[in-house]
Amino acid sequence: MADPHAAGIFVTGTDTGVGKTVVSRALIAAFRKTGMKVGAMKPIETGVGEAGPLDAIAMREAAGIEDPLETICPQQFALPAAPNVAARAENREVDLDSIDAAYERVTTGRDFVIVEGAGGLLVPIRDEMTMAELGRRLGLPLLIVARAGLGTINHTSLTLDVAASKNLTVLGVVISHVEGALTDADTSNLLGLKEILGDRLLGEIPPLAPGESAPADAINFDALTQRLDALKDSI
Ligand SMILES: Nc1ncnc2c1ncn2[C@@H]1O[C@H](COP(=O)(O)OP(=O)(O)OP(=O)(O)O)[C@@H](O)[C@H]1O
Ligand SMILES: [Mg+2]
């Protein structure tokens, strides 16, 4: 990205269900601890049932903010599918103007914003537009959440490659033990991923009990803020 401003982070993942919301909540808590006013946004949520947009609700709670859910999550669809598939099922299309307007409201008066994408970078949100382009549109650097289990080296490398090919700034990768305890083989595999990532690894969320939040020290917040500062300096 040519000119990323560092007033926020776009949390993406190697897949759906990898721990993006868990990591987003942990980031919101970490930035709030520094005294910042933190906004939260899940611009597009699919699979929204009667209980409402659950990711948006979880992020709003973590941020301790009162913004209406329609602001935190301006595009909600019932079908648990990729955004443009879920939108088509309702004879709609994802409305980018409503996302821009909501983003403006969420960031106004806030020092920082955490935005959670849906699915991974190549998930289509409109014809010829993917989640990667939404990250670019919002002008935020990416944090990639990856699973700890088998397959993660491929998925993480694919995600990093796509980000690079689209000139998106990547702050780093957080691994989440979303599948619980690992086998010995998976543990060796994870070491392989860590070798590949080197200092791009910014955290590791251990296996959590249902409903448990990530421990405060699971994300290397100092390294993360240093990268954000470096981005600011490069503008
Ligand atoms: N480290 C972990 N240990 C145990 N469970 C986890 C861990 N991280 C996430 N989970 C659980 O796995 C499920 C998926 O996590 P989460 O909702 O954060 O993923 P996501 O990437 O945000 O999914 P989506 O694509 O639906 O937004 C949730 O039930 C969550 O509580
Ligand atoms: Mg989520």
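What counts and how
Residues numbered from 1 in each chain as written. Chains lettered and ligands numbered in written order. Predicted model: local features only at pLDDT ≥ 70, side-chain atom pairs only at ≥ 80, totals over all residues. Heavy atoms only, no water. Salt bridge = Lys/Arg side-chain N within 4 Å of Asp/Glu carboxyl O. Helix = DSSP H or I, 4+ residues; strand = E, 2+ residues; numbered from the N terminus. Buried < 20%, exposed > 50% of the residue type's maximum accessible area, 1.4 Å probe, protein only. Arc of directions from axis to C-beta. Pairing = 2+ DSSP bridges. Axes fitted to C-alpha atoms, helices over the stretch in contact; angles between N-to-C directions. Contact = heavy atoms within 4.5 Å.

1. Focus: the pattern of salt bridges
Right, so step 1: Following the criterion strictly, the structure yields twelve salt bridges and no others.
Right, so step 2: Lys42 is paired through a salt bridge with Asp55; the nearest N and O atoms lie 3.0 Å apart. Residue Lys42 is located in the loop between strand S2 (38-41) and strand S3 (44-45), and its partner Asp55 is located in helix H2 (residues 54-63); the two are separated by 13 residues in the primary sequence.
Right, so step 3: For Lys42, a relative accessible area of 4% puts it in the buried group.
Right, so step 4: The partner of Lys42 in a salt bridge is Glu116, with the nearest N and O atoms 3.0 Å apart. Taken together, the residues span a long stretch of sequence, with Lys42 in the loop between S2 and S3 and Glu116 in strand S5 (residues 112-120) at a distance of 74 residues.
Right, so step 5: Each member of the salt-bridge network shares a partner with another, and the members are Lys42, Asp55 and Glu116.

2. What about helix H6 (residues 131-138)?
Right, so step 1: Taken together, the buried positions of H6 are occupied by Met131, Ala132, Leu134, Gly135 and Leu138. For H6, the angular spread of buried residues about the axis comes to 160°, placing them on one side.
Right, so step 2: Just downstream of H6, Gly139 is the residue with a positive phi angle, here 75°.

3. Here's the deal with the sheet that holds S5
Right, so step 1: Taken together, the six strands give an open sheet; going across it, the order is S2-S5-S1-S8-S9-S10, and neighbouring strands pair in parallel fashion. In this open sheet, the two strands that pair with only one neighbour each are S2 and strand S10 (201-205). Here the average twist between neighbouring strands, direction ignored, is 20°.
Right, so step 2: The sheet contact formed by strand S8 (residues 142-147) and strand S9 (residues 170-176) spans six bridges and is parallel. Residue Leu143 lies in a different strand from S9, and its bridge partner there is Gly172.
Right, so step 3: Sitting on the sheet, helix H1 (residues 20-33) is in contact with strand S1 (8-13), S2, S5, S8, S9 and S10, with an inclination near 175° to S5.
Right, so step 4: Seen against the sheet, helix H9 (residues 221-234) touches S1, S5, S8, S9 and S10 and runs at an angle of roughly 160° to S9.

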